[in-house]
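# Results of the structural survey
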Amino acid sequence: MRELTYIARHTVEWREAPDPKLRSDREAIVAPAAATSCDVDSAILAGHGFIDPPFALGHECVARVVDIGDAVTSVVPGELVVVPWSINCGACDNCRAGLTAHCTDVPHMAMYGAPLGGNWGGLFSDLVRVPYADAMLVPLPDGLDPVAMASASDNWSLSWRLVAPHLKARPGARVLVVARGSIGLYVCDMARALGASSVLYVDPDPEHRALARSYGASTAETIEPMRHAFDLAVEATGRVDQLALAVKSLAPEGICESAGNHFRPGELPLLDMYLTGVTLRVARDNVRNHMPDALELAASGKVAPERVVSHVLDWEQLPDALPGKHLKPVFVRDATSSAAAG
């Protein structure tokens, strides 16, 4: 089989690898059918990551089940499934507590798309081994477009977690979104659908701002800190100065969720945060725990994740097209959807 391999800045290529085989009766082999780039992949391709190439890339996809072990009961061959980015057993204490990104039955940080916690390959591969099929794979609900939901492995489900629990606890909250990629736009869509009283989206990209406005958000290219203006802030830029802007704009006891991958150091206004009483969470997500709820919201008709898909491209275009500057390209290799994008 082939796996798409990151080899240098702005450069990926197909490399041959052995076809994955079932190693236990709990495993599955899947074939990605609609795969997309996570916001962090763009940073990696731009040379801002902290892991030296080469390594197999990709950790967001809807896949078709090819083969399953005898003990697997939750999926069947031919079924479309969402593959979570992190490897998790579903049975250890952390997994049972919902901390699926911190599974203790695999090496720390085990994931697809980067050689962390072992080499698990990437989801831009012709075939992928899933070591805990029943724990990891989530069938794609009927009626959901696999192209629109290619990001449910990470960014879509992460975005649900960034806003949904907070809006349930604080109905009508005022939301600030400081972002550069798909996560912030998904957040705008969900925040509107889940009852935020206002959403301000900050991004220098005019096309991104136009899309945010289509979700009912107000937009700005840039802002200065807006003291006590927001109950919830979501930062997804990977820039510490933008994270500082977000926390300095919070109302007393406000909450800031940082989904940016901060590869570069910086300083936060800790005294301001202390005086305001800010809660800050900087974390990669336990996405498997949130995928069912995020997919349920997608199926509700209240949101439109398909608008964030910027391009629908053929699987064979991956080496040439992935390094380009696209908001959310989805690469397909079977007739999984009739969706089209510009």
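None of these values were measured; they are calculated from a predicted model.

## Re the pattern of salt bridges
What the rule picks out here adds up to 11 salt bridges. Close ionic contact of D126 with R2 constitutes a salt bridge, the shortest N to O distance being 3.1 Å. You can see D126 sitting in the loop between α2 (93-96) and β7 (128-130) and its partner R2 sitting in strand β1 (residues 2-8), a full 124 residues away along the chain. R2 sits in the buried class, given a relative accessible area of 18%. In this structure, R161 engages E257 in a salt bridge whose closest nitrogen and oxygen atoms are separated by 2.7 Å. Of this pair, R161 sits in helix α4 (residues 155-169) while E257 sits in strand β13 (residues 250-258), placing them 96 residues apart in sequence. One connected set of salt bridges, linked through shared partners, spans R2, D126, E316 and R333.

## Some words on a nonpolar patch on the surface
Among the surface-exposed residues, L271, Y274 and L275 lie close enough to one another that they form a single nonpolar patch of about 420 Å² accessible area. With a relative accessible area of 61%, L275 lands in the exposed category.

## Focus: the packing of aromatic side chains
Following the criterion strictly, the structure yields 5 aromatic pairs and no others. Look at Y6 and F55: their rings are 5.4 Å apart centre to centre, the planes differ by 65°, and that puts the pair in the edge-to-face class. On the criterion of sequence distance, the pair formed by Y6 in strand β1 and F55 in strand β4 (residues 55-56) is long-range, its members being 49 residues apart. Their ring planes at 35° and their centres at 6.3 Å tell us that W14 and W315 sit as a pair that is tilted. With W14 in strand β2 (residues 11-16) and W315 in the loop between β15 (311-314) and α10 (318-321), the pair connects residues that are 301 residues apart, well separated along the chain. Residue W315 is classed as buried on the basis of its relative accessible area of 1%. Over the ring of W14 we find R2; its NZ or CZ atom is 4.1 Å from the centre of that ring. Stacked on the ring of W315, the Lys or Arg R333 has its end atom at 4.8 Å from the ring centre.

## Comments concerning the pairing of strand β10 (residues 198-202)
A large share of β10 lies buried, amounting to 4 of its 5 residues. Note: strand β9 (residues 174-179) against β10, 5 bridges, orientation parallel. Within the sheet, the bridge partner assigned to V177 lies in β10 and is Y201. Each parallel crossover has a hand, and the one from β9 via helix α5 (residues 182-193) to β10 is right-handed. In terms of strand pairing, β10 meets strand β11 (residues 218-220) through 3 bridges, oriented parallel. By the bridge assignment for β11, L200 is matched with S218. Each parallel crossover has a hand, and for β10 linked through helix α6 (residues 206-214) to β11 it is right-handed.

## Looking at the sheet that holds β4
Read from one edge of the open sheet, 3 strands run β2-β1-β4, paired in antiparallel fashion. Looking at which strands have only one partner, the edges of the open sheet turn out to be β2 and β4.

## Examining the state of the cysteines
Throughout the structure, instances matching the rule amount to 0 disulfides. For the unlinked cysteine C38, the closest cysteine sulfur is that of C61, found at 13 Å. Taking relative accessible area as the criterion, C38 reaches 4% and is therefore assigned buried. Taking the relative accessible area as the measure of exposure, C61 reaches 0% and is therefore buried.

## Points about the confidence of the model for the protein chain
Looking at the protein chain, the pLDDT average stands at 94 and 98% of residues meet or exceed 70. Predicted confidence is poor over residues 335-342, with pLDDT under 50, and the contacts of this stretch with residues over four places away or in other chains come to 15 contacts.

Rules used throughout
Residues numbered from 1 in each chain as written. Predicted model: local features only at pLDDT ≥ 70, side-chain atom pairs only at ≥ 80, totals over all residues. Heavy atoms only, no water. Salt bridge = Lys/Arg side-chain N within 4 Å of Asp/Glu carboxyl O. Helix = DSSP H or I, 4+ residues; strand = E, 2+ residues; numbered from the N terminus. Buried < 20%, exposed > 50% of the residue type's maximum accessible area, 1.4 Å probe, protein only. Patch = residues over 30% accessible without salt bridge, like charges linked within 9 Å, V, L, I, M, F, W, Y side chains within 5 Å. Areas by Shrake-Rupley, 256 points an atom, 1.4 Å probe, with all protein chains shown as cover. Phe/Tyr/Trp six-rings, centres within 6.5 Å; stacked < 30°, edge-to-face > 60°. Lys NZ or Arg CZ within 6 Å of the ring centre and 35° of its normal. Pairing = 2+ DSSP bridges. Right-handed = clockwise from strand over helix to strand, strands pointing away. Disulfide = S-S within 2.5 Å. pLDDT = per-residue confidence, 0-100. Contact = heavy atoms within 4.5 Å.

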